[in-house]
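Notes for the structure review
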Amino acid sequence: AQKITQTQPGMFVQEKEAVTLDCTYDTSDPSYGLFWYKQPSSGEMIFLIYQGSYDQQNATEGRYSLNFQKARKSANLVISASQLGDSAMYFCAMREINTGNQFYFGTGTSLTVIP
Amino acid sequence: DTAVSQTPKYLVTQMGNDKSIKCEQNLGHDTMYWYKQDSKKFLKIMFSYNNKELIINETVPNRFSPKSPDKAHLNLHINSLELGDSAVYFCASSLRDGAGAKNIQYFGAGTRLSVL
């Protein structure tokens, strides 16, 4: 089974609108971390936001927020007030703390912001 | 100061050659990784080292050999390069036993390898 599933290969959003990028995960480890990374066309992998499995509140970092629904095993990224510079690939990732300590990445979602 | 730096950024070479990619981190992390990103943007872990010890070794051809002289460096040497090795290779680092936000993995800028 896939550890991380991103079902949206491509998404479009109008500038200044909000967009949600979906991510579901699969783990039996009670201790894990969830991450989102942005990869613009220039190629670097930029860390955006982190959510721990024991965190009670959803993580927020500026215009990024993580909609963490533990029972559903989903960790969707919400980008508010989209900007043209948000056009990029977005990767969801998970780290299982007690089980090998390995990072698992999803296949990514390509986001295009339309002016 | 670049936290995770890898060199070179671009590498163009002929089939059959041997090449190396260097990676250094100044974050004080104890674990480093090599990933391969193919043309479809899929990220595949190749190796992971913790304090110079190999802890993850995915199914990668023997032509790929990582070397970690110390916990701040993890180099990747590739022998007898093949066309299929063309990809972007990312180095990354993290704390193995980091708690909370210290679990974060940081990436280098990537090395785009083109084998002709």
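Residues numbered from 1 in each chain as written. Chains lettered and ligands numbered in written order. Predicted model: local features only at pLDDT ≥ 70, side-chain atom pairs only at ≥ 80, totals over all residues. Heavy atoms only, no water.

1. Structural notes on the state of the cysteines
Residues and elements named next belong to chain A. Enumeration over the complete set of coordinates arrives at 2 disulfides over all chains. A sulfur-sulfur separation of 1.9 Å characterises the disulfide bridge that pairs Cys23 with Cys92. Between Cys23 and Cys92, the disulfide has an S-S torsion of -65 degrees and is therefore left-handed. Within this pair, whereas Cys23 is found in the loop between strand E3 (19-21) and strand E4 (24-25), its partner Cys92 is found in strand E10 (residues 88-96), the two being separated by 69 residues in sequence. (Disulfide = S-S within 2.5 Å. Helix = DSSP H or I, 4+ residues; strand = E, 2+ residues; numbered from the N terminus.)

2. Examining the layout of surface pockets
By volume, the largest pocket amounts to about 270 Å³. Lining the largest pocket are 15 residues, with Phe103, Tyr104 and Phe105 of chain A together with Phe42 and Leu43 of chain B sitting closest to its centre. The set of elements that each furnish at least two residues to the lining of the largest pocket consists of strand E11 (103-105) of chain A together with strand E5 (43-50) of chain B. Residues belonging to the lining of the largest pocket are distributed by class as follows: 8 nonpolar, 4 polar and 3 charged. (1 Å grid on protein atoms, 1.4 Å probe; cavity = no way out; pocket = protein on both sides within 12 Å on 5 of 7 lines; lining within 4 Å. Points joined across faces, edges and corners; volume = space filled by probe spheres on them. Nonpolar A, V, L, I, M, F, W, Y, C, P; charged D, E, K, R; others polar.)

3. Overview of the pattern of salt bridges
For the structure on display, the rule yields 4 salt bridges over all chains. Of the charged contacts in the structure, one is a salt bridge between Glu96 of chain A and Lys3 of chain A, with a shortest N-O distance of 2.8 Å. Separated by 93 residues along the polypeptide, Glu96 of chain A in strand E10 and Lys3 of chain A in the segment before strand E1 (4-5) bring together distant segments of the chain. Looking at Glu96 of chain A, the relative accessible area reads 2%, which means it is buried. With relative accessibility at 25%, the residue Lys3 of chain A sits in the partly exposed group. Here Arg63 of chain B ties to Glu82 of chain B by a salt bridge, and the two come within 3.5 Å at their closest N and O atoms. Of this pair, Arg63 of chain B sits in the loop between strand E6 (53-57) and strand E7 (64-70) while Glu82 of chain B is found in the loop between strand E8 (73-78) and strand E9 (87-94), placing the two residues 19 residues apart along the sequence. (Salt bridge = Lys/Arg side-chain N within 4 Å of Asp/Glu carboxyl O. Buried < 20%, exposed > 50% of the residue type's maximum accessible area, 1.4 Å probe, protein only.)

4. A few points about the interface of chain A and chain B
Contact with chain A, which involves 18 residues of that partner, is made by 23 residues of chain B. Taken over both partners, the interface formed by chain A and chain B buries close to 1,700 Å², and the fraction arising from carbon and sulfur atoms is 58%. Remark: the boundary between chain A and chain B carries 0 salt bridges. Between the two partners, chain A and chain B, sit 3 residue pairs in polar contact (both at pLDDT 80 or more). Elements that contribute at least two residues to the side of chain A that touches chain B include exactly strand E5 (32-39), strand E6 (46-52), E10 and E11 of chain A. A class-by-class count of the residues in the side of chain A that touches chain B yields 10 nonpolar, 6 polar and 2 charged. (Contact = heavy atoms within 4.5 Å. Buried area = accessible area lost by both parts, 1.4 Å probe. Polar contact = N/O pair within 3.5 Å; in protein donor to acceptor, adjacent residues only side chain to side chain.)

5. Focus on the nonpolar core
Membership of the largest hydrophobic core comes to 25 residues, with the highest contact counts inside it found for Leu21, Tyr25, Trp36, Ile49, Leu77, Tyr90 and Leu111 of chain A. Broken down by secondary-structure element, the contributors of at least two residues to this core are strand E2 (10-14), E3, E5, E6, strand E8 (64-69), strand E9 (74-79), E10 and strand E12 (109-114) of chain A. A total of 4 residues in this core trace back to one element, the largest contributor, which is E10 of chain A. Each residue touching Leu77 of chain A, except ones within four places of it in the same chain, is listed here: Val19, Thr20, Leu21, Trp36, Leu48, Ile49, Tyr64, Ser65 and Tyr90 of chain A. Membership of the second largest hydrophobic core comes to 20 residues, among which are Trp34, Met46, Tyr89 and Cys91 of chain B. (Core = buried A, V, L, I, M, F, W, Y, C linked by side-chain atoms within 4.5 Å.)

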